[in-house]
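Notes for the structure review
Listed here are the chains, written in short residue letters.
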Amino acid sequence: MARPRKAPRQRLLDAAVKEFAAHGFAGARIDAIARRAGMNKQLVYHYFGSKQAIYEAVFEQVIAENTSRAFPPGEDRKYSEVTMEELRINNSRDTQLFHRLLMFEALSNERGIHKEAERQAVYDKLVERVRNAQDQGEIDPAVDPALFYLAVLSLQIVPAMLPKVVRLATGRDPESEEFLQEWGELLAQFVARFAPADSPAQ
């Protein structure tokens, strides 16, 4: 049975995600987005109005998708278990386009942050999850929760963001299950080091 065809606006948006992830805002082209979607470029302007508007819509979509992955319904696991799941998520193919968008954004000369309020709310929740782990005795309460989250995130995204550096430094394939398993063990050790001195984890 054939899969239902997506609505024109969604087809254009999906194509735009790939185009912006491949070339960034400056390098992306409206006609290339239309080609990827198999549509006329005038329809891009019809549904979105401008390149800036579709770029912001792209961020809105990928933020929503990645938020749903980061905060699955009914999540009540320990922080150490959550970090392992986040490692997998941050190195999955579903998240690669998001990482590329972030890298192009970081390289941009623009000072602003697209969809700043929405993205700030997500990171506030992620830092709050560290605070909750501190309240539960998993992480030393003396540690700055925002800096701790940033350190954990940095370890999680290295394989996806800097795959060539991983290859050069380790001689391993950053996408392999074996490497991610070993990297996950190192990440678990890092988190465990920040347990309170009287914690059973110590």
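Residues numbered from 1 in each chain as written. Predicted model: local features only at pLDDT ≥ 70, side-chain atom pairs only at ≥ 80, totals over all residues. Heavy atoms only, no water.

Another aspect to go through is the packing of aromatic side chains. Following the criterion strictly, the structure yields 10 aromatic pairs and no others. Seen in terms of ring centroids, F148 and F190 are 6.1 Å apart; in terms of plane orientation they differ by 20 degrees. Their pairing is stacked. Pair noted here: F148 is in helix 8 (residues 145-161) and F190 is in helix 10 (residues 177-193), with a separation of 42 residues, a long-range link. The class of F148 is buried, set by a relative accessible area of 3%. Residue F190 is classed as partly exposed on the basis of its relative accessible area, which comes to 25%. Each residue in the set F20, F25, Y55 and F59 is aromatic and connected to the rest through ring pairs, giving one cluster. (Phe/Tyr/Trp six-rings, centres within 6.5 Å; stacked < 30°, edge-to-face > 60°. Helix = DSSP H or I, 4+ residues; strand = E, 2+ residues; numbered from the N terminus. Buried < 20%, exposed > 50% of the residue type's maximum accessible area, 1.4 Å probe, protein only.)

A word on the pattern of salt bridges. As enumerated under the stated definition, the model contains nine salt bridges in all. Between R35 and D31 there is a salt bridge, with the nearest N and O atoms lying 4.0 Å from each other. Residue R35 and its partner D31 are located together in helix 2 (residues 30-37), separated by four residues, close to a single helical turn. By relative accessible area, D31 is classed as partly exposed at 35%. (Salt bridge = Lys/Arg side-chain N within 4 Å of Asp/Glu carboxyl O.)

Further remarks concern the environment of Q52. Locating Q52 in the fold gives a position in helix 4 (residues 51-70). Exposure remark for Q52: the relative accessible area of 31% places this residue in the partly exposed category. Between the alpha carbons of Q52 and F25 there is a distance of 8.3 Å; along the sequence they are 27 residues apart.

Their axes nearest at 10 Å, the elements helix 1 (residues 8-27) and helix 3 (residues 41-48) cross at an angle of 105 degrees. With respect to each other, helix 1 and helix 3 are oriented roughly perpendicular. Along its contact with helix 1, which presents P8, R9, L12 and L13, the element helix 3 presents L43, V44, Y47 and F48. Grouping the amino acids of the contact of helix 1 with helix 3 by side-chain chemistry returns seven nonpolar, no polar and one charged. (Axes fitted to C-alpha atoms, helices over the stretch in contact; angles between N-to-C directions. Parallel < 35°, antiparallel > 145°, perpendicular 65-115°, else oblique. Contact = heavy atoms within 4.5 Å. Nonpolar A, V, L, I, M, F, W, Y, C, P; charged D, E, K, R; others polar.)

A word on helix 2. Those residues of helix 2 lying buried are I30, A32, I33, A34 and A37. Elements in contact with the buried residues of helix 2: helix 1, helix 3 and helix 4. Remark: G38 follows helix 2 within two positions and exhibits a positive phi of approximately 70 degrees.

What follows is about the side chain of N91. With respect to the helices and strands, the residue N91 is situated in the loop between helix 5 (79-90) and helix 6 (93-107). Of note is the side chain of N91, whose polar atom sits 2.9 Å from the backbone oxygen of Q156. (Polar contact = N/O pair within 3.5 Å; in protein donor to acceptor, adjacent residues only side chain to side chain.)

This part is about the nonpolar core. If you look at the biggest cluster of nonpolar residues, it comprises 48 residues, and the most contacted ones within it are F20, I33, I54, Y79 and F148. The element that contributes the greatest number of residues to this core is helix 4, accounting for eight residues. (Core = buried A, V, L, I, M, F, W, Y, C linked by side-chain atoms within 4.5 Å.)

Turning our eyes to something else, we now look at helix 10. In this model, helix 10 (17 residues) spans 24 Å end to end at C-alpha, consistent with the 24 Å of a helix rising 1.5 Å per residue. Taken together, the buried positions of helix 10 are occupied by F179, L180, W183, G184, L187 and V191. Projection of helix 10 onto a plane perpendicular to its axis shows the buried side chains occupying an angular sector of 130 degrees, all on one side. Exposed residues pointing more than 90 degrees away from the buried face of helix 10 are listed as E178 and R193. At its buried positions, helix 10 is contacted by helix 5, helix 8 and helix 9 (163-170). (Expected span 1.5 Å × (residues − 1). Arc of directions from axis to C-beta.)

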